[in-house]
Amino acid sequence: MLDILRNTSTADYSLLGAIILSTTFVYNKGHLLPRWNDPEQVLYEKVQDQDAAGPASTVSRDMGQKVKESDARFIILWGSQSGTAEGLAQRLKRDIRQRFGAQVVLGDLSDFDPATVANIAGHVFLLVVMSTYGEGDPSDNAQDFTTYLSSAASVDLAHLRFAAFGCGNSSYRFFNQVIYDTASALERRGATAVVPVGAGDEAKRSTLEDFHEWKASLFSSLVSQHALSERNIGYEAAVQVELEASPSKAAANGVMSTSAKANVIKLPMVMNQAIAQYNDPSRTCVHVKLDLGGQPQLKYRTGDHIAVWPQNPEHEVDRLLLVLQRESERDCYVRITPKDELVEMNLPSAMTLHDLLSKHLDICAQVPRDTILILARMVTASEVKQELESIACTKETYTTFLDHNHLTLARLLCHVSALHPNSSWDWLPLSFLVDLVPVLKPRLYSIGSSSIVEPKQISVVVSVKPQPISSRPDVLIHGLASTYLAGLQCSSPQEQPPLVQAEIRRSDFKLPFNPQTPVIMIAAGTGIAPFRAFVHERARLASIGRPVGPTLLFFGCQGQSDCLFYDELTHMATATQQASPRFDLRLHTAFSQQPSSGARYVQDRLAEHRQDVMKYLFEDDAGLYICGATAMAKEVTRVLLDTAMTMRQWSGSQAEQWRQERRKARRWNEDVWS
C-alpha cells in the first residue's frame, strides 16, 4: 500500500479528484451537491399514502387476490389519459362506500395483470371507467388490458358481473370506442353486464351528467336485481380535516411521500408577449417562453407537450373563503388524513387553506348535479333545501340553471345566500370540499420551439377565448389554465420572474427520422405551435448543410391580424428560398374572415394544392401532420380522402384503409381537440 502511495504522482491525484467530481455531478443530476425537493414543488406531485410506499414486489398484481385481501365487494379499474376517468372512478368509489357501506378496491389498470380478471370472485362486481382518445385508442395505462381482452379468446368469465362507463367526445369518429369494445369483449367471454354501457360526451359538456345518470341506473340495479341494501346517508366524510395555526414539523420540512411518476418542476417565465389582435377585447393570444436553464437534467424533444398546473384566480378563492366565513383561517394549515388507511391520497397531507383552494382544488369547476343534491340533504333550513333541490332535482332543471348561471361552488353558495339572507355556510365542513371538489388537473400544450434550436427554452402558444353563458352573453366563463398563464406578468431583469409548475410530456407527434422526407403540415389557430417548431428545426438542419425535403405548411385563421407568427413564417419562407443550401418552405394561408384573400378555410387551400400534396403522399412517402380543432381535422381528412379516391379510383373503404396504413407507419399524424 505504501509503495502505491509513493508511486502516485500529483497528476494521478488530480485525475482521481476529477473522476470523483464528475461522478458526483452526474449522480446529482447536474449539481455537485444533492438537491432536495422544494416543499412547494412537492405539493404539485401526486401524493400517495406513506404507509403504502415500499418495494413494488410486495404489491399484488392479482385482481382476485387484491379483492380478497381487502374483503371488497367491488373493484373499480380506471384507464385515463387526462385524469377525467380517474376522477370519476374515485367519485364512484366514494359513492358506493357511502350508499352501500361496502369495501371497494380502486386501481389503475396498469397496476394489475390483465389475465387475473378471471380471478375475481363471483360475488364481486367489476366496474370499469375508461377513456377513448385519438382514433379510438385506449389510454396508455389501459393498453395491456384491452390487448389481453381482445386476444384471450379462451378465457372463461361466466362468473363475472360488470358495469362500464366511458369518457369520450362525439366530435371524434370513434366515439367511446374503447369502452364499447371492452364491454363487448367481456360479454363474449361470458361476463354479464349489470347495466348498459354508459357514455360520457365531452363535446356536449355532459360527461358529469351522463355519469350521474349511469350511476343512478347502476345503483338502482344493484338494489332491485342484486339484493344490495342502500343506506340513507346525506354525507359521510371520507377524510378527516384539521386546522393548525402553524405547520407540523413534517409539513415545514416538506416531508411528503411522492410518486416517482411525477416530474413536476418550477420553470421561470421569461417572456409573455401578445401575438394577435382581435375585435373582441376579452380575447387574446400570447407567446410564452419558459426557461430550462436552471434544470440541466430536463430535456425535451421537438413535438413534445408541456403540462401546466394552473392556479385558481384569487378573486374566486376570496369569494369562497368569504361565503364560508373562513377569511381569518386563510393562512392556517390544513392537515388531511384519510379515514380509510387503504385510501391513496391525491393531495398533500398538509398545506395552508389558501394553497388548498388556490393550487389544489378545482374550485372553478362546474358543480355536478349530484353534489348539489348531497348538499341539499346536509342543510337543515327547509327553504335552502328546497332551493337546492329545485336546481338539481332533474336534468332539465339543472340544465336550465346552467343556461343562466356560472356554477362554481362559491357562486352557488352566494346565489342561495342572496335569495335567503338568513342562511349561512360557516357550518360546511372542509372535508366536503376535499371529498367533492375535483383536484386541479394540468393542461397540455404543444411545445412551439425546437429542441435543437432552443434547447434551454420552451415556447408555448396560449389562447384566451372566454365562452359566454348561452342565455346570458354578458357572463363569460374563462378557461382556467390559459387565463392563468396569459395573466402572469414577466418582471424586470432585477426582479424574480413568475414560476410555472410544469412537466414535460413525451409525444409521438414527431418529424420523420430522415430530414429529406417531405413534410405536409396543416393547422388552424394555436395548432400552429408544433409546426413552428418543425419549421425552425428543418431550417436549422438546412443551414448546417443537411439535405432537407420540401416543407409545406397550410395555416388557417380569421385574418392576418390573428395569423400567429405570420411575419416570422413569411420571412422564413422568403429568405430560405434564396439561402444556400436551399430550404424549400411553402406557406399557404387561409383567412376565414377576409373573403378577398380567396380560400376561406384551410381545407379550401389544401384542395387548391391537392395535386402537389397527393404526389408527395403517394410517391415520396411524405409525413402528414394535422393540428388544431377536431372540426378542421375532419374537413381536411375529407378533402384528402376524396382526392385519393378520385386519383386512384378507390372506394371509400379503400381510401380509409390507406389512411390507416399511413397512421400505422406514422406518416399520418393528428394532434386535435374539440
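Structure report, in brief. (Residues numbered from 1 in each chain as written. Predicted model: local features only at pLDDT ≥ 70, side-chain atom pairs only at ≥ 80, totals over all residues. Heavy atoms only, no water.)

## Description of the side chain of R605
- Structurally, R605 is set in helix α20 (residues 602-608).
- A polar contact is formed between the side chain of R605 and the side chain of E608, at a distance of 3.0 Å. (Helix = DSSP H or I, 4+ residues; strand = E, 2+ residues; numbered from the N terminus. Polar contact = N/O pair within 3.5 Å; in protein donor to acceptor, adjacent residues only side chain to side chain.)

## Notes on the pairing of strand β5 (residues 161-168)
- Of all the eight residues making up β5, eight are buried; the element is thus mostly covered by neighbouring parts of the structure.
- Neither face of β5 is open: one carries R161, A163, F165 and C167, the other F162, A164, G166 and G168, and all of them are buried.
- Relative to β5, strand β3 (residues 125-133) runs parallel, the two being bridged by seven bridges. Across the sheet, the residue bridging to S131 is C167, located in β5.
- By the bridge criterion, two bridges tie β5 to strand β6 (residues 192-193) in an arrangement that is parallel. Residue pairing across strands places R161 opposite T192, the latter belonging to β6.
- At this point the chain moves from β5, through helix α7 (residues 177-188), to the parallel β6, and the crossover so formed is right-handed.
- Bridge analysis of β5 against strand β7 (residues 198-201) gives four bridges, and the strand direction is parallel. Residue pairing in the sheet places C167 in a bridge with G200 of β7. (Buried < 20%, exposed > 50% of the residue type's maximum accessible area, 1.4 Å probe, protein only. Pairing = 2+ DSSP bridges. Right-handed = clockwise from strand over helix to strand, strands pointing away.)

## Some thoughts on the sheet that holds strand β22 (residues 623-629)
- Taken in spatial order, the five strands line up as β21-β20-β19-β22-β23 in an open sheet, and their pairing is parallel. A strand with exactly one partner marks an edge of an open sheet, and here the two such strands are β21 (585-591) and β23 (668-673). Each strand axis lies, on average, 10° off the axis of its neighbour in the sheet, ignoring direction.
- Its contacts with the sheet place helix α22 (residues 630-648) against β19 (519-524), β22 and β23, and it is angled at close to 145° to β22. (Axes fitted to C-alpha atoms, helices over the stretch in contact; angles between N-to-C directions. Contact = heavy atoms within 4.5 Å.)

## Digging into the packing of aromatic side chains
- A full pass over the atoms with the stated rule returns 17 aromatic pairs.
- Plain terms: the ring middles of F165 and F211 are 5.3 Å apart, the flat faces sit at 75° to each other, and that makes the pair edge-to-face. Taken together, the residues span a long stretch of sequence, with F165 in strand β5 and F211 in helix α8 (residues 207-224) at a distance of 46 residues.
- You can call F165 buried: its relative accessible area is 0%.
- On the accessibility criterion, F211 (1% relative accessible area) is buried.
- Cation over ring: R283 sits above Y278, and NZ or CZ is 4.0 Å from the ring centre. (Phe/Tyr/Trp six-rings, centres within 6.5 Å; stacked < 30°, edge-to-face > 60°. Lys NZ or Arg CZ within 6 Å of the ring centre and 35° of its normal.)

## Digging into the pattern of salt bridges
- Overall, the coordinates contain 33 salt bridges when judged by the stated rule.
- For the salt bridge of D304 with R506, the shortest nitrogen-to-oxygen distance reads 2.7 Å. Of the two residues, D304 is situated in the loop between β10 (284-291) and β11 (305-308) and R506 in the loop between β18 (499-505) and β19; the sequence distance between them amounts to 202 residues.
- Judged by relative accessible area, which is 1%, D304 ranks as buried.
- Taking the relative accessible area as the measure of exposure, R506 reaches 54% and is therefore exposed.
- Residue R638 pairs with E635 through a salt bridge whose shortest N-O separation is 2.8 Å. Note that R638 and E635 are positioned in helix α22 at a spacing of three residues, about one turn of the helix.
- Given the relative accessible area of 29%, E635 is considered partly exposed.
- Salt bridges sharing partners connect three or more residues here, namely R91, R94, D95, K215 and D370. (Salt bridge = Lys/Arg side-chain N within 4 Å of Asp/Glu carboxyl O.)

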